[in-house]
Amino acid sequence: MHRLELTEREVGAILPLVKEVASQHHSVEEANFLDSISTYAQELPRRLRRFLNAFRLREPSGVCMIAGYPVDDSKIGKTPGHWRKGAGTSSTIEEEVFLNLCGALLGDAIAWSHQRDGLICQDLVPIEGHRDEMLGSGSERELVWHTEDARYPYRGDYIGLMCLRNPDAVPTTFASIDEVQLDPSQVEVLFEPRFVFRPDPSHPTDSEWEKASVLFGDPKSPYICFDPYSMDRPEIEEARLAMEYLIRAIDENLTGVTLLPGECLFIDNYKAVHGRSSFKARFDGTDRWLKRINIARDLRKSRDVRKAPASRVIL
Ligand SMILES: [Fe+2]
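Residues numbered from 1 in each chain as written. Predicted model: local features only at pLDDT ≥ 70, side-chain atom pairs only at ≥ 80, totals over all residues. Heavy atoms only, no water.

1. Structural notes on the overall build of the chain
- Assigned secondary structure in the chain consists of seven helices and 16 strands.
- The C-alpha radius of gyration of the chain comes to 19 Å, within 12% of the 20 Å expected for a compact globule of 315 residues.
- Residues counted as buried form 53% of the 315 residues belonging to the chain.
- Restricting to contacts in the chain with at least 6 residues of sequence separation, those with at least 24 account for 78%.
- A total of about 14400 Å² of accessible surface is found on the chain, and carbon and sulfur atoms cover 49% of it.
- A distance of 3 Å separates the average location of the 40 positive side-chain charges in the chain from that of its 50 negative side-chain charges. (Helix = DSSP H or I, 4+ residues; strand = E, 2+ residues; numbered from the N terminus. Rg over C-alpha atoms; globule rule 2.2 N^0.38 Å. Buried < 20%, exposed > 50% of the residue type's maximum accessible area, 1.4 Å probe, protein only. Contact = heavy atoms within 4.5 Å. Areas by Shrake-Rupley, 256 points an atom, 1.4 Å probe, with all protein chains shown as cover. Lys, Arg positive; Asp, Glu negative; His and termini not counted. Charge placed at Lys NZ, Arg CZ, Asp CG, Glu CD.)

2. Here's the deal with the pattern of salt bridges
- All chains considered together, the criterion is met by 20 salt bridges.
- Across the pair glutamate 5 and arginine 3 runs a salt bridge, and its minimum N-O distance is 2.7 Å.
- By relative accessible area, arginine 3 is classed as partly exposed at 44%.
- Residues joined by salt bridges that share partners form a network here, namely Glu128, Arg131, Glu140 and Lys280. (Salt bridge = Lys/Arg side-chain N within 4 Å of Asp/Glu carboxyl O.)

3. Overview of the coordination of the iron ion
- Surrounding the iron ion are the protein donor atoms His146 (NE2), Glu148 (OE) and His274 (NE2), at 2.0 to 2.2 Å.
- For the iron ion, all donor residues lie on one chain, and their spacing in sequence is H-x1-E-x125-H. Of the two residues, glutamate 148 sits in the loop between strand E5 (143-146) and strand E6 (158-165) while histidine 274 sits in strand E14 (residues 272-276), which places them 126 residues apart along the sequence. No difference in accessibility class separates glutamate 148 from histidine 274, as the two residues are buried. (Donors = N, O, S within 2.8 Å, 3.2 Å for Na, K, Ca; no water.)

4. Details of helix H7 (residues 237-253)
- Compared with the 24 Å implied by 1.5 Å per residue over 17 residues, the 24 Å span of H7 between its first and last C-alpha is a close match.
- Where H7 is concerned, the buried positions are Ala239, Ala242, Met243, Tyr245, Leu246, Ile247, Ala249 and Ile250. (Expected span 1.5 Å × (residues − 1).)

5. So, the sheet that holds E14
- Pairing in this open sheet of four strands is antiparallel, and the strands run E5-E14-E7-E12 from one edge to the other. Taken across any chain shown, the strands that pair with only one partner, and hence form the sheet edges, are E5 and strand E12 (255-258). With strand direction ignored, the average angle separating the axes of adjacent strands in the sheet is 20°.
- Summarising the sheet, strand E7 (residues 171-176) and E14 pair through five bridges and their orientation is antiparallel. Its bridge partner being in E14, threonine 173 is matched across the sheet by glycine 275. (Pairing = 2+ DSSP bridges. Axes fitted to C-alpha atoms, helices over the stretch in contact; angles between N-to-C directions.)

6. Examining the layout of surface pockets
- What the largest pocket holds in volume is close to 930 Å³.
- Along the walls of the largest pocket sit 35 residues, with Gln115, Met134, Leu135, Gly136 and Glu148 positioned nearest its centre.
- Of the residues belonging to the lining of the largest pocket, the class tally is 13 nonpolar, 13 polar and nine charged. (1 Å grid on protein atoms, 1.4 Å probe; cavity = no way out; pocket = protein on both sides within 12 Å on 5 of 7 lines; lining within 4 Å. Points joined across faces, edges and corners; volume = space filled by probe spheres on them. Nonpolar A, V, L, I, M, F, W, Y, C, P; charged D, E, K, R; others polar.)

7. Re helix H5 (residues 93-104)
- Compared with the 16 Å implied by 1.5 Å per residue over twelve residues, the 16 Å span of H5 between its first and last C-alpha is a close match.
- Counting buried residues along H5, twelve of its twelve residues qualify, which places the element largely inside the surrounding structure.
- If you check which residues of H5 are buried, you get Ile93, Glu94, Glu95, Glu96, Val97, Phe98, Leu99, Asn100, Leu101, Cys102, Gly103 and Ala104.

8. Let's talk about unusual backbone geometry
- Notably, aspartate 149 is not glycine yet its phi reads approximately 50°, a positive angle.
- Residue alanine 169 is not a glycine yet carries a positive backbone phi of 50°.

Structural data, given as structure tokens:
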């Protein structure tokens, strides 16, 4: 995996920056913070900036990892029982700032008005009432691999995850399309707009049922948009077989990483699918706890569904 281990010196430069930024903002949800984050990010160590820029520009791998940020387990407090944020400054604002600083080197963070109250930086924690559901907040059901927000043309280009704790070593799963040996004749079919992504029933403005391709871009190193769980099986056999072929090929290449506290994983949402293994949650404040952001490379693409040029929420 494309991985960068922060040196002691780099951590020594990052921590004062993170503390300074955190002290100037009440929350990473603040418009003022979001407007300033790409400026702050220019003060990160050059090696880290170069690493993320190479990941963005050259697409060397479907995921990349930044390790070595120190997380103080007692300072962050208990794993919350829900993603809804409480009043007052978060006990994890410094970790949220660091994840957002890194994310700002890839693009601009976005949120969806219909998802999690439009929050930009989200807590991925198991919720007791969602135990058996296939959601980010579920636990006992595997979160089957997918492209994030596959059904939306304004889906993010990257997902950023930062681990705060993971005591049961729950793997985050992924597969990079470049690692999959693809049969060119199947690729040809998967490049055609023959596949239906079902609209999200919880998103009332979304009513189109347009057909789309699963692969796009360069046939030799394609981009992928695939979420079999929310797609119809095509009636025409050729398309159905191609879809089943790709599901099998990805299943065979699915791998995982067990994130440790402080590790940030960036997933290229055009080059890799991702998921999560099932696990037995504790619901006692010590559960797995990740922070998540969604990053768009080009905010302008979604200008028709955002209120202002710098607004991050897609309506
Ligand atoms: Fe996801």
